[in-house]
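# Inside the fold
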Amino acid sequence: MLQPLRILFRPKWMVSRSSGSYVSRMRHLNKIKEEDEACRAALQSGNIFLYHKLAPLLRRTDSGIYQLPALQTKDVEEILEKLGEDKEMVKESILINCTEQNEAQFSFDVGAIEQAAVEELCRGTFVDLRKAFFLLRGSEAPLVARGQALLRWHQTNGFCSSTGQPTQRNQSGSQRVCHSSGITYYPKMSPVVIVLLSDGKRCLLGRQSTFPRGMYSALAGFCDIGETMEEALRREIAEEVGLEVSVDKVELEDARWFSLEEVQEALTIKAPPRNNKGEPTVFWVPPSYAIANRLIQEWANQQHLKS
Ligand SMILES: NC(=O)c1ccc[n+]([C@@H]2O[C@H](COP(=O)([O-])OP(=O)(O)OC[C@H]3O[C@@H](n4cnc5c(N)ncnc54)[C@H](O)[C@@H]3O)[C@@H](O)[C@H]2O)c1
Ligand SMILES: [Mg+2]
């Protein structure tokens, strides 16, 4: 009997005495999200993370640690002016979140400006997002991913799909409106379920043909409209591995049961050994930032506790 190890990381709801600061932060965030004037004021004192064609700017400290530099609005205006651009462009920044101190955090893409010139002025490097995940500390990774997702959504939703007319964003970038049709567009999310199946001793991992060679991951799939997460999980497992673990070669190239020893070995691999074509030569699993890695790690820990 196959058992999903964990359907989701379910939060344990409880009322916290210290929830006051959380409530005020969420209310502040909602205000600057919804009210253009409040958002413009927040931008003046907020932090801006720069991207170039969706690649985030990272800075290496003297001790070799990579950080996500938080620039002030005036710093970005200065950079734009030095490079002969209109400093008003900074107002295109998109609200991502706010800090515990209620400082607003924004993302801004300088893709229209020469990359090297911005890197020199900022003493940093624009790095591909997936590479950035390896370099940043845990708490910065979700922020940088969220900033990129919002920038990407704006870059690809400039026109109304009903009228073909340009859409206009609000100040925070939480929505875009087509004034011709009156349609409001909100950033799109695609809910995904991910599961690690276990038969008690082994766990089932699959690989798509697009994965790097040798890498196997937990089974995952997008939810359909109107489906609960549990229904999506049930369907995805049926589609991808079937009752007798027959593999759907369209979505999955391979799925196999792996023992605790194999999984433990794979979890220790930071960078898999590669052949002369640069292809990995061993079984490995997604890196530590991936949800699949956390599920596999947790399964391995549970196996230890059982033995
Ligand atoms: N974080 C992790 O550890 C981890 C591990 C495995 C997969 N994932 C991610 O989970 C996501 C889903 O996994 P999957 O690729 O196996 O999905 P899946 O099994 O649903 O198959 C992908 C197919 O779904 C369709 N599709 C693509 N984008 C869609 C969308 N936005 N909404 C609905 N359908 C869409 C396409 O036909 C695509 O071929 C992917 O983005 C994948 O990268 C993450
Ligand atoms: Mg899948």
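Above this note sits the structure.
The rules behind these values
Note that residues are indexed from 1 along each chain, following the sequence as it is written. As they are written, the chains are lettered A onward and the ligands numbered 1 onward, keeping that order. Only residues with pLDDT of 70 or above have their local features reported here, since the model is predicted, and side-chain atom pairs are shown and tallied only from 80 upward, although totals for entire chains, interfaces and linings are computed over all residues. For side-chain calculations, the full set of non-hydrogen atoms in the structure is used, while hydrogens and water are omitted. Each helix corresponds to a stretch of at least 4 residues labelled H or I by DSSP, and each strand to a stretch of at least 2 residues labelled E; elements are numbered beginning at the N terminus. When a residue's accessible area, from a 1.4 Å probe over protein chains only, is under 20% of the maximum for its type it is buried; when over 50% it is exposed; and in between it is partly exposed. Contacts are assigned to residue pairs with any non-hydrogen atoms lying within 4.5 Å of each other. Per-residue and other accessible areas were derived by the Shrake-Rupley procedure at a 1.4 Å probe size, with only the shown protein chains allowed to occlude residues. For the purpose of counting charges, residues Lys and Arg are taken to be positive, whereas Asp and Glu are taken to be negative. His and the chain ends are not included. Charge positions are represented by NZ for Lys, CZ for Arg, CG for Asp and CD for Glu. Here a helix's expected span is defined as the number of its residues, less one, multiplied by 1.5 Å. We call a residue near a molecule or strand as soon as one heavy atom of that residue lies within 4 Å of the molecule or strand. Whenever two N or O atoms come within 3.5 Å, that pair is a polar contact, provided that in protein one can donate a hydrogen and the other can accept it, and provided that, for residues adjacent in sequence, both atoms are side-chain atoms. In this analysis, strands are considered paired if DSSP registers two or more bridges between them. Think of a nonpolar core as a cluster: buried Ala, Val, Leu, Ile, Met, Phe, Trp, Tyr and Cys residues, connected wherever their side-chain atoms sit within 4.5 Å.

Let us now look at the overall build of the protein. Within the protein one finds nine helices and 16 strands. Among the 307 residues that make up the protein, the fraction classed as buried is 43%. For the protein, restricting intrachain contacts to residue pairs at least 6 apart in sequence, the fraction spanning at least 24 positions comes to 61%. As displayed, the protein offers around 18,200 Å² of accessible surface, 52% of which is attributable to carbon and sulfur atoms. Across the protein, the 38 positively charged side chains and the 39 negatively charged ones have centroids separated by 4 Å.

All right, on to helix α9 (residues 291-306) then. Counted at 1.5 Å a residue, the expected span for α9 with its 16 residues is 22 Å, and the 23 Å between its end C-alpha atoms agrees. Of all the residues in α9, the buried ones are A292, N293, L295, I296, E298, W299, A300 and Q303. If you follow the buried residues of α9, they end up packed against β12 (192-195), β13 (197-198), β14 (203-207), β16 (254-258) and α8 (260-267).

Along the chain, the position of S45 falls in helix α2 (residues 36-45). Separated by 184 residues in sequence, S45 and M229 place their C-alpha atoms 40 Å apart.

A word on the site of ligand 1. The local shell around ligand 1 holds 15 residues, among which S190, Q208, E240, E251 and A292 are the closest. In this structure, F222 approaches ligand 1 through a main-chain N or O atom, which is 3.0 Å from an oxygen atom. I291 places a main-chain nitrogen or oxygen 3.3 Å from an oxygen atom of ligand 1. Taken by itself ligand 1 offers 850 Å² of open surface, and the protein chains cover 56% of this. Mapped by element, the contributors of at least two residues to the shell around ligand 1 are β12, β15 (219-222), α7 (229-240) and α9. Considering every element that reaches the shell around ligand 1, the biggest residue donor is β15, with three residues.

Turning our attention to unusual backbone geometry. Even without being glycine, N102 reaches a positive phi, approximately 65 degrees. By the secondary structure assignment, N102 is in the loop between β6 (94-98) and β7 (104-109). Since its relative accessible area comes to 29%, N102 is described here as partly exposed. If you check the backbone angles, R123 has positive phi at about 50 degrees while not being a glycine. Looking at where R123 falls in the secondary structure, it is placed in the loop between α4 (115-122) and β8 (125-126). R123 sits in the exposed class, given a relative accessible area of 60%.

The buried fraction of β6 amounts to five of the five residues, a majority that puts the element mostly inside the structure. Bridging between β6 and β7 involves four bridges; their strand directions are antiparallel. Within β7, the residue paired with N97 across the bridge is Q105. Hairpin connection of β6 to β7: five residues between the antiparallel strands, including N102 at a positive phi of 65 degrees.

With 26 residues, the main nonpolar core has I32, I48, L50, V76, F108 and V118 as its most contacted residues. For this core, the secondary structure elements donating two or more residues are α1 (19-34), α2, β2 (47-52), β3 (55-60), α3 (73-82), β6, β7 and α4. Take this core: its biggest share by element is four residues, from α2. Setting aside residues up to four positions removed in sequence, V76 forms contacts with I48, L50, L71, V90 and F108. By size, the runner-up hydrophobic cluster in this structure holds 18 residues, among which are V263, F283, L295 and I296.

Interpretation in functional terms is not warranted from these geometric data alone.
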